[in-house]
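# Understanding the architecture of this molecule
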Amino acid sequence: MTTAHIRAHLAGRAAAAAHPGGTPCACGTAVTLADRPDATVVRHADTVAKAHAPGTDPAELTARLTVAARLPDVLLPPLDTAPARLHGRLATFWPYGTPVNPDTPDAAPWEASGDLLARLHRTPVTRLLGEEPQTECPALPAMRGPVKAALALARLRAALRSAAPGAARAAAPVLRAWQDLPAWARADAPMPDAATLCHGDLHLGQFVRHPAPDGPWHLIDVDDLGTGVPAWDLARPAAWYACGLLPPDEWARFLDAYRAAGGPAVPAAGDPWPALDVPARALTAQAAARTLTKALAADRPLDEVEQCLVDACDRMARAAPELADGFSK
């Protein structure tokens, strides 16, 4: 089935969820919010419908939806904790929330982001699942951050097999930086922390205000939610800071808010980098691999930001594993 068919059917399901009982609808057509191979997201009025990636495990998704429903002050709660079937895909339904405006970076909710993330990390998983989790909710799986990073590197290797020789030279720093990581960060071994509740794919696009338009901030997108190393959730802003792509004051706002809320991923004071170094390197390699793969597919050169990521991988591959102030120094 084509993505156009998926969008059309998803729009119908979103309209039905927004107007239960066949209430007449005068709110216009649905709006597509995202349309990627791993997710299609459609909004109708105040309801959002999402078709998850093909092959998504229904039991794992149900567990993640249940956690979101039980943490409504941190995670945007779904309208139903049971995913629906949609032409071979799993679909979920959510209330609409106002996203971060990318055109106003000075208004980015760094403090709210740090606070929400700390609260997520401090939540005991056993409290969410109850004393007998098998009767209340399927077991919560591992956070998928390292798995997604490994998939990005696998896609880059696949793209290089049919690319010109120069592409392999450009990708060499990224592949070296990836191979220098410990096995758990490459999804080749279990994570050293299997008890902390993590988001798994944290960035500013994962925050919305609910109720819209100006309610409190909530975390969205539970596809990678699970237990694991909490520092992974700080790794993307840490990596962008280390690459020189995130201003120091914005990084400090986020980190200070996380620490003030008792976040366990880094020490309460002092240098956070020993805890962040490995995840930040992994996220940098993942981001560089994605940009290289897209550039190869489009047969175009890297832009300035993309080249910064590759250059950071080159520094990572040449530097010692311990860097107190980040790998851009």
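Whatever comes next refers back to the structure up there.
In short, a report on the structure. (Residues numbered from 1 in each chain as written. Predicted model: local features only at pLDDT ≥ 70, side-chain atom pairs only at ≥ 80, totals over all residues. Heavy atoms only, no water.)

### Here we look at the overall build of the protein
Note the threshold: Where helices and strands are cited, they refer to DSSP runs of H or I of at least four residues and of E of at least two residues respectively, numbered from the N terminus. We call a residue buried when its accessible area falls under 20% of the maximum for its residue type, exposed when it is over 50%, and partly exposed in between, using a 1.4 Å probe and counting protein chains only. Residue contacts follow a heavy-atom distance rule, with two residues in contact if any of their heavy atoms lie within 4.5 Å. Exposure was quantified through the Shrake-Rupley algorithm and a 1.4 Å probe, taking into account, for residues, occlusion by the shown protein chains and nothing else. Positive residues here are Lys and Arg, negative ones are Asp and Glu, while His and the chain termini are left out of the count. Charged groups are reduced to one reference atom each: NZ for lysine, CZ for arginine, CG for aspartic acid, CD for glutamic acid.
Looking only at helices and strands, the protein has eleven helices and ten strands in total. Its C-alpha atoms give the protein principal-axis dimensions of about 60 × 45 × 40 Å. Looking at the 329 residues of the protein, the share that counts as buried comes to 46%. Excluding contacts between residues fewer than 6 apart, the proportion of contacts in the protein whose partners are at least 24 apart in sequence is 71%. Accessible area of the protein: about 15100 Å², with a carbon and sulfur share of 56%. Side-chain charges in the protein split into 31 positive and 36 negative, and the spacing between the mean points of these groups amounts to 5 Å.

### Here we look at the nonpolar core
Filter applied, for reference: In this text, buried Ala, Val, Leu, Ile, Met, Phe, Trp, Tyr and Cys residues form a nonpolar core when linked through side-chain atoms within 4.5 Å.
Counting 81 residues, the largest nonpolar core has Leu75, Leu120, Val174, Leu197 and Leu234 as its most contacted members. For this core, the leading source of residues is helix α10 (residues 273-298), giving nine residues. Not counting chain neighbours up to four residues away, the residues in contact with Val174 comprise Leu153, Leu156, Ala285, Ala288, Ala289, Leu292, Val310 and Cys313. Counting ten residues, the second-largest nonpolar core is a separate cluster that includes Val42, Ala84, Ala91 and Phe93.

### Digging into the sheet that holds strand β4 (residues 84-86)
Stated precisely, the cut-off is as follows: Any two strands between which DSSP finds at least two bridges are classified as paired. Axis definition: a line fitted to C-alpha atoms, limited for helices to the stretch in contact. Angles are taken between N-to-C directions and run from 0 to 180 degrees.
The strand order across the open sheet built from five strands is β1-β2-β3-β5-β4, with neighbouring strands paired in antiparallel fashion. The two strands at the open ends of the sheet, each matched to only one other strand, are β1 (31-36) and β4. Going from strand to strand, the sheet's axes swing by 25° on average, the running direction of each strand aside. With six bridges joining them, strand β2 (residues 39-44) and strand β3 (residues 47-52) adopt antiparallel strand pairing. In the sheet register, Arg43 faces β3, and the bridge partner there is Val48. Strands in contact with helix α1 (residues 3-18) are β1, β2, β3, β4 and β5 (89-95); relative to β2, the strand with the most contacts, it is inclined by about 40°.

### Remarks on the side chain of Asp201
For clarity, the threshold we go by: Identification of polar contacts relies on pairs of N or O atoms within 3.5 Å, with a donor-acceptor requirement for protein atoms, meaning one able to donate a hydrogen and the other able to accept it, and with residues adjacent in sequence counted only if both atoms are side-chain atoms.
As for its placement among the helices and strands, Asp201 is situated in the loop between β7 (196-198) and β8 (207-209). On the basis of relative accessible area, Asp201 is assigned to the buried category, the value being 10%. Within the structure, the side chain of Asp201 is placed 3.4 Å from the side chain of Lys148, a separation counted as a polar contact. A polar contact is formed between the side chain of Asp201 and the side chain of Arg236, at a distance of 3.3 Å.

### Here's the deal with the packing of aromatic side chains
The line we're drawing: Two rings belonging to Phe, Tyr or Trp (six-membered ring only in the last case) form a pair when the distance between their centres is within 6.5 Å. Interplanar angles under 30 degrees mark stacking, angles over 60 mark edge-to-face geometry, and anything in between is tilted. In this scheme, the term charge over a ring applies when either NZ of a lysine or CZ of an arginine sits within 6 Å of the ring centre and within 35 degrees of the ring normal.
All told, the structure shown has four aromatic pairs when counted by the stated rule. Above the face of the Tyr96 ring, Arg43 is positioned so that its terminal group lies 3.5 Å from the ring centre.

### Here we look at unusual backbone geometry
Peptide bonds are, in most cases, trans, and in most cases residues other than glycine have a negative phi. Omega for the bond connecting His210 with Pro211 falls within 30 degrees of zero, at 0°, which places this linkage in the cis form. In this fold, Pro211 is placed in the loop between β8 and β9 (217-219). Although it is not a glycine, Ala45 sits at a positive phi angle of roughly 55°. Inspection of the secondary structure puts Ala45 in the loop between β2 and β3.

### Considering α10
Where we set the bar: One less than the number of residues in a helix, times 1.5 Å, gives the span that helix is expected to have. Two axes enter the bend calculation: one fitted to the seven residues ending at the residue in question, the other to the seven starting there, and the bend is the angle between them.
Compared with an ideal rise of 1.5 Å per residue, which puts 26 residues at 38 Å, α10 spans 36 Å between its outermost C-alpha atoms and is within 8% of the ideal. Considering bend angle alone, the principal kink of α10 is centred on Pro279 and spans about 25°. In the segment just after α10, Asp299 is the residue with positive phi, at about 55°.

### So, the sheet that holds strand β6 (residues 98-99)
If you trace the three strands from one edge of the open sheet to the other, you get β6-β8-β9, paired in antiparallel fashion. At either end of the open sheet lies a strand with only one pairing partner, and these are β6 and β9. Summarising the sheet, β8 and β9 pair through three bridges and their orientation is antiparallel. Considered in β9, the bridge of Arg209 is made with Trp217. Sheet contacts for helix α3 (residues 110-122): β8 and β9; angle to β9, the most-contacted strand, approximately 50°.

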